[in-house]
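Structure at a glance
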Amino acid sequence: MRALARVAGTSPAGRLVPGLNLVAAGVEGFNAVRKHRAGEHVVALTAAGNSLGCLSSFLGESSLVALRSGGAGLPAALAAAGGVLGLVAGSIEVKQGLSNRKLTGSSRTLAMGILDLTSGVVSLTGSALLARHRALGMSMLIGSGLVDMAGIGVDYLWPTKVKPGNDRRP
């Protein structure tokens, strides 16, 4: 794990990950506020969880911030909060997604729910591991950040409408 973390930290792509997490945290934070104001509270909850997860990854991966914060406390707390939000929003989305798939044939909400549940579990596990096994905990948080980014991709890129003819309503 340490060798993998060392390679990721020295590669040009590995140096971009903290910045990508910070950008994703900002975009999802903005999206959470926008969706909350629009009355879409489940989507807002998901975006807030993604934002917290990406922010915790950014804080954990940024050595200067990690040194200033005195260790893993703040990243672990943010990761745990993001994980809980991911579990709550993911379970709601899976339930809605199963219903949507029966009605319309669309699996978009179901896919987002599964990704949010996965991110929540990985984020909570990573936050718990940070205190004892920093390298393994950070690897889990990086994985959670990647799952969050996949969820963001589904949210923005997956078509929201089902093509005509695929409507399975009775």
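Residues numbered from 1 in each chain as written. Predicted model: local features only at pLDDT ≥ 70, side-chain atom pairs only at ≥ 80, totals over all residues. Heavy atoms only, no water.

Let's talk about the overall build of the protein
- If you tally the helices and strands in the protein, you get seven helices and zero strands.
- Counted from the first residue to the last, the protein has its helices and strands arranged as α-α-α-α-α-α-α.
- By the burial criterion, 37% of the 170 residues in the protein qualify as buried.
- As displayed, the protein offers around 9,500 Å² of accessible surface, 68% of which is attributable to carbon and sulfur atoms. (Helix = DSSP H or I, 4+ residues; strand = E, 2+ residues; numbered from the N terminus. Buried < 20%, exposed > 50% of the residue type's maximum accessible area, 1.4 Å probe, protein only. Areas by Shrake-Rupley, 256 points an atom, 1.4 Å probe, with all protein chains shown as cover.)

Comments concerning the confidence of the model for the protein
- Per-residue confidence for the protein averages 74 on the pLDDT scale, and 72% of its residues sit at or above 70.
- Residue range residues 4–11 is modelled with pLDDT below 50. Its contacts to residues more than four positions away, or to other chains, number four contacts.
- Here residues 63–69 is modelled with pLDDT under 50, and outside its nearest four sequence neighbours on either side it reaches six contacts, counting other chains as well. (pLDDT = per-residue confidence, 0-100. Contact = heavy atoms within 4.5 Å.)

Some thoughts on helix α7 (residues 134–157)
- Compared with an ideal rise of 1.5 Å per residue, which puts 24 residues at 34 Å, α7 spans 34 Å between its outermost C-alpha atoms and is within 8% of the ideal.
- Along α7, the residues classified as buried are Gly137, Met138, Leu141, Ser144, Gly145, Val147, Asp148, Gly151, Ile152, Val154 and Asp155. (Expected span 1.5 Å × (residues − 1).)

Re the nonpolar core
- Ala76, Ala79, Leu130, Met138 and Leu141 together form the largest nonpolar core, which totals five residues.
- Residue assignment for this core shows that the elements contributing at least two residues are α5 (73–104) and α7. (Core = buried A, V, L, I, M, F, W, Y, C linked by side-chain atoms within 4.5 Å.)

What about the environment of serine 139?
- Of note, serine 139 is situated in helix α7.
- The sequence separation of serine 139 and valine 122 amounts to 17 residues, and the corresponding C-alpha distance is 9.8 Å.

Some remarks on the packing of helix α6 (residues 108–130) against α7
- For the pair α6 and α7, the least separation of the axes is 8 Å and the interaxial angle reads 165°. Taken together, the axis directions place α6 and α7 in an arrangement best described as roughly antiparallel. In this structure, the crossing between α6 and α7 has a hand that is left-handed.
- Within the contact of α6 with α7, the residues separate by chemical class into 13 nonpolar, 10 polar and four charged. (Axes fitted to C-alpha atoms, helices over the stretch in contact; angles between N-to-C directions. Parallel < 35°, antiparallel > 145°, perpendicular 65-115°, else oblique. Left-handed = near helix turned anticlockwise from the far one by under 90°. Nonpolar A, V, L, I, M, F, W, Y, C, P; charged D, E, K, R; others polar.)

Notes on the side chain of aspartate 148
- Among the secondary structure elements, aspartate 148 is positioned in helix α7.
- For aspartate 148, the side chain forms a polar contact with the side chain of serine 119, separated by 2.5 Å. (Polar contact = N/O pair within 3.5 Å; in protein donor to acceptor, adjacent residues only side chain to side chain.)

Observations regarding a nonpolar patch on the surface
- On the surface, Val23, Val27, Tyr156 and Leu157 cluster together into a nonpolar patch covering about 420 Å² of accessible area.
- Note on placement: tyrosine 156 falls in helix α7.
- For tyrosine 156, a relative accessible area of 41% translates into the label partly exposed. (Patch = residues over 30% accessible without salt bridge, like charges linked within 9 Å, V, L, I, M, F, W, Y side chains within 5 Å. Salt bridge = Lys/Arg side-chain N within 4 Å of Asp/Glu carboxyl O.)

Some points on the environment of glycine 26
- Here glycine 26 lies in helix α2 (residues 12–37).
- Given the relative accessible area of 41%, glycine 26 is considered partly exposed.
- Residues glycine 26 and leucine 52 lie 26 residues apart in sequence; the distance between their C-alpha atoms is 9.6 Å.

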